[in-house]
Amino acid sequence: SLLGIRSNFHELSLRLRVAISQLPLFLAVLVSVPIVFMNKPSAFQDPAFLAGLALMTVLSVLSAALPWEKFFQPAYWIIPILDFAAIALLYRAVQPDVTGMLLLTVFPVFWLAWSGFAPRTASIITTAGSLLIIWSPLMGTQPSAQDFARSALVPVIMLLVHKAATVMTQDASEQHRALEAADRALKQSLQDSRRRARLLDAVLDTIDVGVVVLAKDGHVMLMNSRQLATHDLALPSNTGERTEADMHLYLPDGVTPMPADDRPVARAMRREAFSDVLVAVGRGAEQRAMAVSARPLTDDSGDFNGSVIAFGDVTDMLRA
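Scope of this entry: the structure provided in the associated data block. (Residues numbered from 1 in each chain as written. Predicted model: local features only at pLDDT ≥ 70, side-chain atom pairs only at ≥ 80, totals over all residues. Heavy atoms only, no water.)

### Side note on the pattern of salt bridges
Counting across every chain of the model gives nine salt bridges. Linking Asp 192 and Arg 195 is a salt bridge whose minimum nitrogen-to-oxygen distance equals 2.6 Å. Of this pair, Asp 192 and Arg 195 are both found in helix H7 (residues 153-206), three residues apart, which corresponds to roughly one turn of the helix. Through salt bridges with shared partners, a single ionic network connects Asp 208, Arg 226, Arg 288, Asp 313 and Asp 316. (Salt bridge = Lys/Arg side-chain N within 4 Å of Asp/Glu carboxyl O. Helix = DSSP H or I, 4+ residues; strand = E, 2+ residues; numbered from the N terminus.)

### Considerations on the sheet that holds strand E5 (residues 288-298)
Read from one edge to the other, the open sheet built from six strands follows the order E2-E1-E6-E5-E4-E3, with strand pairing classed as antiparallel. Pairing within the sheet leaves two strands with one partner each, and these edge strands are strand E2 (220-223) and strand E3 (249-250). With eight bridges connecting them, E5 and strand E6 (residues 304-313) associate as antiparallel partners. Note that in E6 the partner of Thr 298 across the bridge is Phe 304. (Pairing = 2+ DSSP bridges.)

### Some thoughts on the packing of aromatic side chains
For the structure on display, the rule yields four aromatic pairs. Seen from their ring centres, Phe 37 and Phe 44 are 5.9 Å apart, and the 70° between their planes marks the pair as edge-to-face. For Phe 37, a relative accessible area of 53% translates into the label exposed. Ring geometry for Phe 44 and Phe 49: centres 5.1 Å apart, planes at 70°, overall edge-to-face. Classification of Phe 49 as buried rests on a relative accessible area of 0%. Each member of the aromatic cluster is reached from another via a ring pair, and the members are Phe 37, Phe 44 and Phe 49. (Phe/Tyr/Trp six-rings, centres within 6.5 Å; stacked < 30°, edge-to-face > 60°. Buried < 20%, exposed > 50% of the residue type's maximum accessible area, 1.4 Å probe, protein only.)

### Quick look at the pairing of E5
With six bridges joining them, strand E4 (residues 274-281) and E5 adopt antiparallel strand pairing. Counterpart to Leu 278 in the pairing with E5 is Ala 291. Where E4 folds back onto E5 in an antiparallel hairpin, the turn is made up of six residues, including Gly 282, whose phi is positive at roughly 90°. In sequence, E5 turns back onto E6 through a hairpin of five residues, with Gly 302 there showing a positive phi of about 85°.

### Let's talk about the packing of helix H1 (residues 14-39) against helix H2 (residues 47-65)
Packing of H1 against H2 brings their axes to within 8 Å, and their N-to-C directions diverge by 155°. As summarised for this structure, H1 and H2 are arranged roughly antiparallel, according to the angle between their axes. Relative to H2, the crossing made by H1 is left-handed. Residues Arg 15, Val 18, Ala 19, Gln 22, Leu 25, Phe 26, Val 29, Val 33 and Val 36 of H1 touch H2, and the partners they reach there are Phe 49, Leu 53, Met 56, Thr 57, Leu 59, Ser 60, Ser 63, Ala 64 and Ala 65. Grouping the constituent residues of the contact of H1 with H2 by class yields 13 nonpolar, four polar and one charged. (Axes fitted to C-alpha atoms, helices over the stretch in contact; angles between N-to-C directions. Parallel < 35°, antiparallel > 145°, perpendicular 65-115°, else oblique. Left-handed = near helix turned anticlockwise from the far one by under 90°. Contact = heavy atoms within 4.5 Å. Nonpolar A, V, L, I, M, F, W, Y, C, P; charged D, E, K, R; others polar.)

What follows is the structure, given as C-alpha cells:
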C-alpha cells in the first residue's frame, strides 16, 4: 500500500512482483551507504565497493524494466543470483568494520524461496551464493583451511532459512490453490442455484395453481404470479397492516366468514397437512372458489421450517 498498490501480491504482474521483491534489498543498500561512510569512508575508494553499488543499481533497474513474462521461466532468477555477487563485492570492501552487510544475504535467499520454482536448484544456488559472500574477503589471499571453516556456519544457516521459507511458501501456495478451488466451486454452486431458481420461477409462473411458501416464522418467502392475483382478490379495501384474519375468506357457502383459526395460513403454521379444503376468496361477482392444500417443510434435523400452500381455482368446476 505504500507504493499505491491495492492488489494482493499474487495478483500482480510478474514484472511488478520482481520489482517489489528487489526493492527491500535496494533500500537496505541505500541505508547502508551512510553507515559505511561513517564507519569506513575508505570503502568509497575501493573498486569492489563501487562495483557492488553499481551492480545493485543496475539489477534494481532491470528488475522493474524488463518484461519478465516474455522470457523463459524463471528468467528473473538472474536478479537474485547476481544479487549474491553484488553483496559479495560490498561485504568484501567493508568488512570487518560493517559486519551487518552480511545480513543482506537473506534477501536473495528469501526471493529464491518464494519463487517456488525448482527448490533443489534454489537450495544449491543459496548455498553457493552464501559461500561466495562469506568467502569473498579471502579471495586474493592465502587462506588456511581454518579460515574457510570459521565462516562455514553462515551458508548452513542461510540454507536452513531458505528451507524454512520454502516450506512456508509452499504451504501458502497450497492454501491459495485450495481457496481458489473452493472459490470456483462456490461460484459454480451459485450459478447452479441461480439456474435452479430461474427454472423454479418459470415453472411456478407457468402452472395454473397459486403457490405460497411460508417461513417458519410465518412471513412469505415466495409467491407465484397466480397466487398474487388470488391474494389481491382477498385483500380488504382499507389500507394499513393486514393479516390473514383481515382478508375476505369465507366458507364454501361464500357468505359465512371463515374462522381465523381455520384459515389456511393459520393451519399451515400449526404444522398441519391438509388437502382440497374448499375456501371462497373475495366478495361479490369476483368471488372465486379455491381448493387449498398445504404441506409442512422440515430442515435437516426434522424440525419445522415453514410450509407450502397451494390454491387451485375450482370455481368453474363447482358451477358445472
